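Fold and geometry: a report
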Amino acid sequence: MSHKATVWAIQQRGLKPATKIVLWFLCDRHNPDFGCFPTQARLADDAEMSISALNEHLAKLQELRLIHRVRAQDPHTHKRLATRYILGFEDGFPPEPTPETGDGLSGTEEDHDDNPSPESGHGAISGFPAKPSPDFAQSHLRNPEINLVREPLSKPVKEEEDAQARDSDFDRFFAELLTALGFAANASLPAWWQGSPARLHVRRWRDDLGLTEDRIVEVATESRGDHPNPPDGPKALDRFMERAAQRDAQAATANANGRKINRQRKGEVKLPLSDDEKAAFYAKMVNSEGYLPQSVISNTIRDAMLARGLVTPERLRERGVR
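Residues numbered from 1 in each chain as written. Predicted model: local features only at pLDDT ≥ 70, side-chain atom pairs only at ≥ 80, totals over all residues. Heavy atoms only, no water.

A word on the packing of aromatic side chains
In total, this model carries seven aromatic pairs according to the counting rule given. Between Trp 24 and Phe 25, the aromatic rings sit 5.3 Å apart at their centres with planes inclined by 85°, giving edge-to-face as the arrangement. With centroids separated by 6.0 Å and ring planes inclined at 70°, the aromatic side chains of Phe 183 and Trp 193 adopt a geometry described as edge-to-face. Separated by ten residues along the polypeptide, Phe 183 in the loop between helix 5 (154-180) and helix 6 (195-207) and Trp 193 in the loop between helix 5 and helix 6 bring together distant segments of the chain. Here Phe 183 and Trp 193 have matching classes, each one buried. A connected cluster of aromatic rings, assembled from ring pairs, spans Phe 170, Phe 173, Phe 174, Phe 183 and Trp 193. Here Arg 199 stacks its cationic end above the ring of Phe 174, 4.5 Å away from the centre of that ring. (Phe/Tyr/Trp six-rings, centres within 6.5 Å; stacked < 30°, edge-to-face > 60°. Helix = DSSP H or I, 4+ residues; strand = E, 2+ residues; numbered from the N terminus. Buried < 20%, exposed > 50% of the residue type's maximum accessible area, 1.4 Å probe, protein only. Lys NZ or Arg CZ within 6 Å of the ring centre and 35° of its normal.)

Regarding unusual backbone geometry
If a residue is not glycine, its phi is most likely negative; likewise, a peptide bond is most likely trans. The phi dihedral of Glu 48 is positive, around 55°, even though this residue is not glycine. Mapped onto the secondary structure, Glu 48 falls in the loop between helix 3 (40-47) and helix 4 (51-63). Using a relative accessible area of 27% as the deciding quantity, one classes Glu 48 as partly exposed.

Observations regarding the nonpolar core
Counting 35 residues, the largest nonpolar core has Leu 177, Trp 193, Val 202, Trp 205, Met 241 and Met 305 as its most contacted members. For this core, the elements supplying multiple residues, two or more each, are helix 5, helix 6, helix 7 (213-223), helix 8 (238-256), helix 9 (275-287) and helix 10 (299-307). Sequence-distant contacts of Trp 193, defined by excluding residues within four places in its chain, comprise Phe 174, Leu 177, Leu 178, Leu 181, Phe 183, Ala 198, Val 202, Pro 231, Asp 232, Gly 233, Pro 234 and Leu 237. (Core = buried A, V, L, I, M, F, W, Y, C linked by side-chain atoms within 4.5 Å. Contact = heavy atoms within 4.5 Å.)

Digging into the side chain of Arg 204
For Arg 204, the location among the structural elements is in helix 6. A polar atom in the side chain of Arg 204 sits 3.3 Å from the side chain of Asp 45. (Polar contact = N/O pair within 3.5 Å; in protein donor to acceptor, adjacent residues only side chain to side chain.)

Right, dumping it as structure tokens:
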């Protein structure tokens, strides 16, 4: 966190509240030495909004020249690396393009000059004009001289139907989860359980921690032994879900080594994970592109992963682990 960055964010005037919240959380993720590299999933979780809504606010901030996004990819694997956000007060913030040259900061995600010149070579290189044609305002391709026969959209329609079926299945699971947590049917839910951010948070337990939907409901039911009242929001259950994922990983490792143990419940003696198992478990979370809960990586775990070569310092910085 950079105190200078967050103070700068607070001083910005004329922004809508949600846009200013996004700017503040960006500044909160800024490191004076390494820069600002939060993932969209992390920013969306910080600001309690969907990724699509987050992108709208990021685009507005860039339009107002309060931030500048720089995307990059690994030259060997061609895998996309974390986006860097350059904040308006930083020395590396690109200047506005001048009318004479149209040049800004090179090597970023920004478009180059739309009208390439022989001298600069910037712009389109395909032989097509860089400006969209009147017939296709959103396309940089020339208007075809013939009309192509359009095939029926059977595949997109099928994919849409599959997506709707998955959403319907998730809705049933989400309702079952709320019942397990003690919410009455058709009851008024607390604000943190409403809308897409709550559902996105629950999906992370499944997609990032590797818990099945049945297992999530089971852990939610067990959690009421410690906290009988329904939780205010899904974040209150993060620790329960993380511990369940650790126990499941421990059981899987033990079974693979020929030992048979049951998932531990409250009051049972736990078989501690070895240092190698802990390092491997958390390295998998760091190296994935999924959600990484705050403060889940301790200094001891960080050092263990580095000592075993399971992660790199650069990857730890990208994931916000210091």
